Structure formats: structure tokens, C-alpha cells
Amino acid sequence: MDDGLLIVISGPSGAGKGTICKKLLTEMDFLKVSVSATTRKPRKGEIDGISYYFIEEEEFIKRIKNGEFLEYAKVYGNYYGTPKDEVFKQLKEGNDIILEIDIQGALQVKKNYPMGVFIFILPPSLKELQNRIEGRGTDSKEVILRRMECAYDELNYAFEYDYVIINDQVDKATEKIKHIILAEKNKAVRNKAIIRKIREEL
Ligand code: ADP
Ligand code: 5GP
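Computed from a predicted model, the values in this text were never measured in an experiment.

**Observations concerning the packing of helix H5 (residues 126-136) against helix H6 (residues 141-154)**
For the pair H5 and H6, interaxial distance at closest approach is 11 Å and the crossing angle is 150 degrees. Judged by the angle between their axes, H5 and H6 are roughly antiparallel. The element H5 and its partner H6 pack so that their crossing is right-handed. Facing H5, whose interface residues are Leu126, Leu129, Gln130, Ile133, Glu134 and Arg136, H6 presents Ile144, Arg147, Met148, Ala151 and Tyr152. In terms of residue class, the contact of H5 with H6 is made up of seven nonpolar, one polar and three charged.

Set out below in C-alpha cells:
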């Protein structure tokens, strides 16, 4: 069996990654999302083991030393990381996995797993980005300012990705990503096992 597809989604905070991923997961029910570990405190409504694995910094550092992360990064003062074993187990079972991670992490994945598909989500403008972060109502003024400064720098990394999606309207942006996923799944290089099987029938 061929490995599943590893889809990496990044973009500035507030660009709409979470919103789009949620929609993708309901509309493409074969997709699975990787649950990251973080040292950030849970926000209202977030559930341990579903939104993130919420752990202490000491535990996070222990896991880094044990090589338990496919990638990890410090983002806005907190650690975030993708559990390696779980992701590879899913891929080996042929499942398609989405990682919604920051740019530093995405670049590590690109180096360690270049077969991944790397998608960068952008807002239509920085002004709209600020409106969205403020409208979400989850972050303090200081945090918003920090995220806006980061967003400006993050734009430089768009060209490290395979695809850039402008999230003007959620439906349209999600539809574009669905097309990308379907096209990538049908690439010859990702279908070696089925080609071999058909050939063996002769
Ligand atoms: P991210 O996960 O990238 O930080 P979110 O998905 O949390 O971003 O989106 C930030 C805010 O912007 C949320 O309140 C969300 O409802 C809103 N939002 C997302 N996409 C759009 C869009 N295309 N148009 C208007 N608002 C949007
Ligand atoms: P938030 O605190 O808003 O949930 O996430 C903040 C940032 O951390 C977002 O840009 C998000 O994509 C990123 N992030 C979430 N999980 C991971 C992860 O496992 N690894 C990395 N590198 N970044 C992550």
C-alpha cells in the first residue's frame, strides 16, 4: 500500500487555517488531523487530547530530547510540536493527515519529509487579518500586536510552499484546497503500489 498524504497547512495567525481545516475535515471525511502537543494554556472550549495535548514545559523538553517530535517550534512564547510516531503510523496505514503548524515547523517537515504537500494560507490583506484576529476575541491587545508583526515577516516564507491560497471566502478557499488534495493523491509517484498490483495481474 502507498503511504498516505501528509498535508501541511501554515499561514499567519488569523488567516483562517483553523476555520478551513475544520471545514476540510467535515467535507473530506477520509482526512485525519494530527493533534499537536503544546505548553500553551487551554483557551475556553479547548479540550485536552482533541484541540492539543496540553503539557508542561518540562515534559515538552523531555519529549524533544527523546526525539518524539517530527517537528517542534516555539511560537509566540510557547512550545508546539507534532508527535512523530502517531503521524508515521497513520501515513503507513495509508491515511491522509493534515498538520496545521507554524512556518518554522513546516520547514523542518519539508526537510525531513519532502513528499509532503505544503500549503500557505493568506488573508486578502493585513488589515483584514487584524480585523479577524480582533473579531475572534481570543487574544489580548499585546498578543494581537505581536501576531501582526510576525504576520508581516511570515509573508517572506510563502515561496517555500507548494501552494498559496488567499482566504477571501472560506468556501472558495476550502474548495481550492480540496482540488489540490485530490490532484496530489492522484500523482503517479503516490500510486506505485496500485500500478504494481495491476501489472502483476497480467
Ligand atoms: P487561524 O487558525 O489561521 O489563526 P481562524 O480560523 O481562527 O485563524 O480565523 C480567525 C478569525 O477569522 C475567526 O474568527 C474566523 O471565523 C474568521 N475567518 C476565517 N476565515 C474568514 C473569511 N474568509 N472571512 C471572514 N472571516 C474569516
Ligand atoms: P494557537 O496558539 O493559536 O492554537 O496556535 C499558534 C500557532 O502555533 C499557529 O500558527 C499554529 O499553526 C501553530 N502550531 C500549532 N500546532 C503546532 C505544531 O505542532 N507545531 C508547530 N511548529 N506549530 C504549531
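Moving on from the model shown.
**Some words on the sheet that holds strand S5 (residues 69-75)**
Within the open sheet, the four strands sit side by side as S4-S3-S6-S5. Their pairing is mixed. The sheet terminates laterally at strand S4 (53-54) and S5, the two strands that pair on one side only. One ladder, built from two bridges, connects strand S3 (residues 37-38) with strand S6 (residues 78-83); its direction is antiparallel. Across the sheet, residue Ala37 finds its bridge partner in S6, namely Gly81. Packing of helix H2 (residues 57-65) onto the sheet brings it into contact with S3, S5 and S6, and relative to S6 it is tilted by some 45 degrees. The strands that helix H3 (residues 84-92) touches are S5 and S6; relative to S6, the one it contacts most, it runs at about 30 degrees.

**Thoughts on the layout of surface pockets**
Taken as a whole, the largest pocket holds about 1300 Å³ of empty space. Lining the largest pocket are 42 residues, and of these Gly18, Arg43, Glu46, Tyr52 and Glu100 sit closest to its centre. For the lining of the largest pocket, the secondary-structure elements that each account for two or more residues are helix H1 (17-27), S5, S6, H5 and H6. Each residue belonging to the lining of the largest pocket can be placed in one class, and the counts come to 16 nonpolar, 13 polar and 13 charged. Taken as a whole, the second largest pocket encloses approximately 180 Å³ of empty space. Lys74, Val75, Tyr76, Asp102, Ile103, Gln104, Leu107, Cys150, Asp153, Glu154 and Tyr157 are the residues that line the second largest pocket.

**Some remarks on the pattern of salt bridges**
Considering all chains together, one arrives at 17 salt bridges under this definition. Across the salt bridge formed by Lys92 and Asp3, the nearest N and O atoms sit 3.0 Å from each other. Residue Lys92 is located in helix H3, and its partner Asp3 is located in the segment before strand S1 (6-10); the two are separated by 89 residues in the primary sequence. You can call Asp3 partly exposed: its relative accessible area is 34%. Connected through salt bridges with shared partners, the residues Lys23, Glu27, Asp171, Glu175 and Lys178 form a single ionic network.

**Here we look at the site of ligand 2**
The full set close to ligand 2 counts 17 residues, and Ser36, Arg40, Tyr52, Tyr80 and Asp102 are the nearest of them. Alone, ligand 2 offers 520 Å² of accessible surface; in the complex the protein occludes 94% of this. Counting atoms within 2 Å of the grid points, the majority share of ligand 2 lands in the largest pocket. Secondary structure elements with two or more residues in the shell around ligand 2: S5 and S6. Split into classes, the residues belonging to the shell around ligand 2 amount to six nonpolar, four polar and seven charged.

**Digging into the pairing of strand S7 (residues 96-100)**
Along S7, four of the five residues are buried, which leaves the element largely enclosed by surrounding structure. Bridge count between S1 and S7: four bridges; the pairing is parallel. Counted as the bridge partner of Val8 is Leu99 from S7. As paired strands, strand S2 (residues 31-33) and S7 are joined by three bridges and run parallel to one another. Within S7, the position partnered with Leu31 by the bridge is Asp96.

**Concerning the packing of H1 against helix H7 (residues 170-185)**
Running from amino to carboxyl end, H1 crosses H7 at an angle of 55 degrees, the nearest separation of the two axes being 10 Å. Here H1 lies oblique to H7, going by the angle between them. Pair H1 / H7 crosses with right-handed handedness. Every residue of H7 that contacts H1 at Thr19, Ile20, Lys23, Leu24 and Glu27 is listed here: Val170, Asp171, Ala173, Thr174, Glu175, Ile177, Lys178 and Ile181.

Criteria and thresholds
Residues numbered from 1 in each chain as written. Chains lettered and ligands numbered in written order. Predicted model: local features only at pLDDT ≥ 70, side-chain atom pairs only at ≥ 80, totals over all residues. Heavy atoms only, no water. Axes fitted to C-alpha atoms, helices over the stretch in contact; angles between N-to-C directions. Helix = DSSP H or I, 4+ residues; strand = E, 2+ residues; numbered from the N terminus. Parallel < 35°, antiparallel > 145°, perpendicular 65-115°, else oblique. Left-handed = near helix turned anticlockwise from the far one by under 90°. Contact = heavy atoms within 4.5 Å. Nonpolar A, V, L, I, M, F, W, Y, C, P; charged D, E, K, R; others polar. Pairing = 2+ DSSP bridges. 1 Å grid on protein atoms, 1.4 Å probe; cavity = no way out; pocket = protein on both sides within 12 Å on 5 of 7 lines; lining within 4 Å. Points joined across faces, edges and corners; volume = space filled by probe spheres on them. Salt bridge = Lys/Arg side-chain N within 4 Å of Asp/Glu carboxyl O. Buried < 20%, exposed > 50% of the residue type's maximum accessible area, 1.4 Å probe, protein only. Near = heavy atom within 4 Å. Areas by Shrake-Rupley, 256 points an atom, 1.4 Å probe, with all protein chains shown as cover. Sits in = over half its atoms within 2 Å of the grid points.

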